[in-house]
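# Fold and contact review
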Amino acid sequence: MGVLPVPAEVCAILLDIEGTTTPIAFVQETLFPYIKDNVKEYLHAHWEEEECQRDIGLLRKQAQEDSSLYGAVPIPLESGSGEEELERVIQAVVDNVHWQMSLDRKTTALKQLQGHMWRAAYATGHVKGEIFEDVVPAIRKWREAGMKVYIYSSGSIEAQKLLFGYSTEGDILELFDGHFDTKIGPKVESESYRRIAASIGCATNNILFLTDVPREANAAEEADTHVAVVIRPGNAGLTDDEKSYYSLISSFTELFLPSST
């Protein structure tokens, strides 16, 4: 690691969040435990709201699709027969959410509920998004050089905007030109990066993707996207082959932009 020159054809930088802009510990020790600890209380408080019912509907549909999986938790329909039944349905949703989270699933239904819960947590000041200290100065420099900067995370777009809108660095949403989540496709599938390039309006080789996950890096490379793997405290270790194969950086300041940009 040291200075990594950015290829001259790159005009957009695509950023992962967890382990790249933000410590994995924040996601694992703050965001996810908040969901587990508060989902039941949240459902009781918001059950009658249209947004919450849409979330439940998506989770119920996902549960039906998951019915053949080991340990899957079905979510029954309500028949309107009183408090006892409501409590049973809410508990089923709680159990389903906990089951999905125990498997580190990235379903849209789960991410949507989590996003709405985090929105309440950020807005009330219970949570602030943690950002590595090199991130904001580096992105400002990239933007001054004419780069577009985008986020691509398995977390919902709403969750992304909350993290950066209520961050330890203040509201930094203005630094990003757009956001992508798994609705555009899984991060480990090359087609997702082709769709992102089409959405941005450029070729895949005009994009540099920064991630801490080799499987994501591999998928991006298959789509002819430039890649650098980010080494941060708490990130999973890389194999010797991965270390020798991928371009590695430990700070965004290590990226060197061509003077032509």
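An account of the accompanying structure is given in this report. (Residues numbered from 1 in each chain as written. Predicted model: local features only at pLDDT ≥ 70, side-chain atom pairs only at ≥ 80, totals over all residues. Heavy atoms only, no water.)

## Observations concerning the pattern of salt bridges
Oppositely charged side chains can pair when the atoms bearing their charge come close. Summed over all chains, the structure comprises 14 salt bridges. Between glutamate 87 and lysine 40 there is a salt bridge, with its nearest N and O atoms 3.4 Å apart. Taken together, the residues span a long stretch of sequence, with glutamate 87 in helix α3 (residues 83-102) and lysine 40 in helix α1 (residues 24-46) at a distance of 47 residues. Between glutamate 85 and arginine 88 there is a salt bridge, and its shortest N-O distance comes to 3.9 Å. Separated by three residues within a single helix, glutamate 85 and arginine 88 lie in helix α3, roughly one turn from each other. Accessibility expressed as a relative area gives 8% for glutamate 85, which makes it buried. Residue arginine 88 is classed as partly exposed on the basis of its relative accessible area of 48%. A cluster of three or more residues bridged by salt bridges with shared partners is formed by Asp16, Lys187 and Glu216. (Salt bridge = Lys/Arg side-chain N within 4 Å of Asp/Glu carboxyl O. Helix = DSSP H or I, 4+ residues; strand = E, 2+ residues; numbered from the N terminus. Buried < 20%, exposed > 50% of the residue type's maximum accessible area, 1.4 Å probe, protein only.)

## Side note on the layout of surface pockets
Counted as a void, the largest pocket has a volume near 690 Å³. What lines the largest pocket is a set of 33 residues, and nearest its centre among them are Glu18, Lys106, Ser154, Lys187 and Glu216. Among the elements of the structure, α1, α4 (108-123), α6 (157-165) and α8 (214-222) are those that each provide at least two residues to the lining of the largest pocket. When residues of the lining of the largest pocket are assigned to their parent elements, the largest contribution, five residues, is made by α1. Tallied by class, residues from the lining of the largest pocket come to 15 nonpolar, eight polar and 10 charged. Put simply, the second largest pocket is a space of about 170 Å³. As for the second largest pocket, its lining consists of Tyr34, Asn38, Glu41, Tyr42, Ala45, His46, Met117, Ala120, Ala121, Thr124 and His126. Mapped onto the lining of the second largest pocket, the elements with two or more residues apiece are α1 and α4. Per-class residue counts for the lining of the second largest pocket are six nonpolar, four polar and one charged. (1 Å grid on protein atoms, 1.4 Å probe; cavity = no way out; pocket = protein on both sides within 12 Å on 5 of 7 lines; lining within 4 Å. Points joined across faces, edges and corners; volume = space filled by probe spheres on them. Nonpolar A, V, L, I, M, F, W, Y, C, P; charged D, E, K, R; others polar.)

## With respect to the pairing of strand β2 (residues 12-15)
Neither face of β2 is exposed, since Ala12 and Leu14 on one face and Ile13 and Leu15 on the opposite face are all buried. Sheet topology places β2 next to strand β3 (residues 148-152); four bridges connect them, and they run parallel. Within the sheet, the bridge partner assigned to leucine 15 lies in β3 and is isoleucine 151. Alignment of β2 against strand β5 (residues 207-211), held across four bridges, turns out to be parallel. Each bridged residue has a counterpart across the sheet, and for alanine 12 the counterpart in β5 is isoleucine 207. (Pairing = 2+ DSSP bridges.)

## Some points on the packing of aromatic side chains
One pass over the full model with this rule turns up nine aromatic pairs. Both rings, one in tyrosine 152 and one in tyrosine 193, keep their centres 5.5 Å apart while their planes meet at 80°; by these two values the pair is edge-to-face. Of this pair, tyrosine 152 sits in strand β3 while tyrosine 193 sits in helix α7 (residues 190-200), and the two are 41 residues apart along the sequence. What makes tyrosine 152 buried here is its relative accessible area of 0%. The class of tyrosine 193 is buried, set by a relative accessible area of 1%. Connected via pairs of aromatic rings, a cluster forms that spans Tyr152, Tyr193 and Phe209. Against the face of phenylalanine 132 rests arginine 232, its NZ or CZ located 4.1 Å from the ring centre. (Phe/Tyr/Trp six-rings, centres within 6.5 Å; stacked < 30°, edge-to-face > 60°. Lys NZ or Arg CZ within 6 Å of the ring centre and 35° of its normal.)

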